[in-house]
Amino acid sequence: MRPVVGSTGLEIEASFLDGQLIAAYIHFPGNADDRSARCECVDPGLVIDYATSGRPLGIEVTMPRAVTLEVINGVMRRLGLRELSDRDFAPLKAA
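What to know about the environment of L10
In this fold, L10 is placed in the loop between β1 (4-5) and β2 (11-17). The class for L10 is buried, based on a relative accessible area of 6%. Between the alpha carbons of L10 and H27 there is a distance of 5.8 Å; along the sequence they are 17 residues apart.

Below is the structure:
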């Protein structure tokens, strides 16, 4: 599936297996050449990837059916980023 770009400018990429949503990734804007240097588990089903500079690269959603918009937005606030809207989150809930 192609990444969906939401109103926040973030890309949300979803992964499926046998037609079932198994994971998603919320890409933050930045340098496309950045690679993950460390990860931080912040909630069951959510992992933040960081570049060597310490800049957050994105959020891995490892349990998309169990994660809520409120939980993701708590992480977004913690990182100082704009929260996702219901519309941004809709592709994960529809899958």
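Read on for the rest.
Looking at helix α2 (residues 86-94)
Where α2 is concerned, the buried positions are D88, F89 and L92. Here the buried residues of α2 occupy an arc of 80° about the axis, which is enough to place them on one side. Relative to its buried face, α2 has exposed residues pointing more than 90 degrees away, namely D86, R87 and A94. In this structure, the buried residues of α2 make contact with β2, β3 (20-27) and α1 (69-78).

Brief notes about the pattern of salt bridges
One pass over the structure, following the stated rule, counts three salt bridges. Of the charged contacts in the structure, one is a salt bridge between R55 and D34, with a shortest N-O distance of 2.4 Å. In this pair, R55 sits in the loop between β5 (46-50) and β6 (56-61) while D34 sits in the loop between β3 and β4 (38-43), placing the two residues 21 residues apart along the sequence. Residue classification places R55 among the partly exposed positions, given a relative accessible area of 26%. A relative accessible area of 24% means that D34 is categorised as partly exposed. With a shortest N-O distance of 2.7 Å, R77 and E83 are connected by a salt bridge. Residue class for E83 comes out partly exposed when judged on its relative accessible area of 35%.

The rules behind the values
- Residues numbered from 1 in each chain as written.
- Predicted model: local features only at pLDDT ≥ 70, side-chain atom pairs only at ≥ 80, totals over all residues.
- Heavy atoms only, no water.
- Helix = DSSP H or I, 4+ residues; strand = E, 2+ residues; numbered from the N terminus.
- Buried < 20%, exposed > 50% of the residue type's maximum accessible area, 1.4 Å probe, protein only.
- Arc of directions from axis to C-beta.
- Contact = heavy atoms within 4.5 Å.
- Salt bridge = Lys/Arg side-chain N within 4 Å of Asp/Glu carboxyl O.

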